[in-house]
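Observations on the three-dimensional arrangement
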Amino acid sequence: MALDQESDKELDETEGEEMTFLDHLEELRWHILRSVASILIFTIAAWIFQKEIFGQVIMGPSKSEFWTNRMLCKLADATGVEGLCFKQANFILQSREVSGQFMMALTQSILVGLLFSFPYFFWEIWRFVKPGLKITEAKAARGAVFWVSLLFFMGVSFGYFVVSPMAINFLASFKLDESIQNQFDISDYISLLSMMTLACGLTFQLPMITYVLSRVGVLTPSFMREYRRHAVVVILIVAAVITPSPDMISQLLVTIPLLGLYEVSILVSARVNRQREAEML
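Remember, it's a predicted structure, so these values are computed and weren't measured experimentally.

Observations concerning the pattern of salt bridges
The full count for this structure, using the stated rule, is five salt bridges. The shortest N-O distance in the salt bridge between Glu-124 and Arg-34 comes to 3.1 Å. Separated by 90 residues along the polypeptide, Glu-124 in helix H5 (residues 100–129) and Arg-34 in helix H2 (residues 21–48) bring together distant segments of the chain. Judged by its relative accessible area of 0%, Glu-124 falls in the buried class. Arg-34 sits in the partly exposed class, given a relative accessible area of 30%. One salt bridge in this structure joins Arg-96 and Asp-185, with 3.6 Å as the shortest N-O distance. Linking Arg-96 in the loop between strand E1 (92–94) and H5 with Asp-185 in strand E2 (residues 183–185), this pair joins segments that are 89 residues apart in sequence.

Rendered as structure tokens:
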């Protein structure tokens, strides 16, 4: 919220000033440079602690003592669904290239840098875009940086603590025959983990996307309520895709939060619709 307030002050100070096309390019260049600098700072920090990040964070979902895996084992005991419990990693990670481990250390550092610099990166982009908005539009969009960042980290946490452990659990234990050993390349493992977490981070932006579309009049709460059943089918398909485990409990653990996001989006659209109607009076 502090970032948004600071952005509002800058907007008031620059209100009424006209900028040339070259001035806009120069301003955009500085916004981009500061954004890249923030990514670089977090990337360097992640590189310094690369072993701790890899051993405890990256490899965390693949370990039986990981918090989610321990909770899933308790859930398996309560429900009788043994497939939920991940007791021991049944795979071996390999690096098949000479520069494989170095490149993975670099890749994980950049990913961590992108992840933690996201709020500042979005704030810089928002500072560039906001002066071009009308006063009513700028006021309606207050708190955008806070809510976008909050939803992003909620989605990333959901992908890391819920979706990723279940996906890794299922894929690592799936075998066509006991004679076949699961030996995965480290790059494939990191790609899977990154895809699951970042995809959930973007998916959790649904309320903000709904807000924007409702604000411009493209989306209405009545439309979302009318097609709620269609949305449920789409959510079930998405849950089935991102949770390869065939048991219903795993899919429900993913489906319920996504359905909750859709219902929250309806409430957001309804509130925006009421605001638009009040402004027209």
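Section: the environment of Val-232
With respect to the element layout, Val-232 can be found in helix H11 (residues 228–242). Note on Val-232: relative accessible area 29%, which makes it partly exposed. Counting along the chain gives 23 residues from Val-232 to Thr-255, while the straight-line C-alpha distance between them is 8.8 Å.

What about the packing of aromatic side chains?
By convention here, two paired aromatic rings are described through the distance between centres and the angle between planes. Taken as a whole, this structure holds 12 aromatic pairs when the rule is applied. Measuring from centroid to centroid gives 4.7 Å for Phe-223 and Tyr-227, while their planes differ by 40°, and the two rings are tilted. Through successive ring pairs, a cluster of aromatic residues spans Phe-118, Phe-122, Phe-152 and Phe-153. Here the guanidinium or amino end of Arg-29 rests over the ring plane of Trp-30, the centre of that ring lying 5.1 Å away. For the cation-ring pair, Arg-127 lies above Trp-123, with the distance from its terminal atom to the ring centre recorded as 4.6 Å.

What counts, and at which threshold
Residues numbered from 1 in each chain as written. Predicted model: local features only at pLDDT ≥ 70, side-chain atom pairs only at ≥ 80, totals over all residues. Heavy atoms only, no water. Salt bridge = Lys/Arg side-chain N within 4 Å of Asp/Glu carboxyl O. Helix = DSSP H or I, 4+ residues; strand = E, 2+ residues; numbered from the N terminus. Buried < 20%, exposed > 50% of the residue type's maximum accessible area, 1.4 Å probe, protein only. Phe/Tyr/Trp six-rings, centres within 6.5 Å; stacked < 30°, edge-to-face > 60°. Lys NZ or Arg CZ within 6 Å of the ring centre and 35° of its normal.

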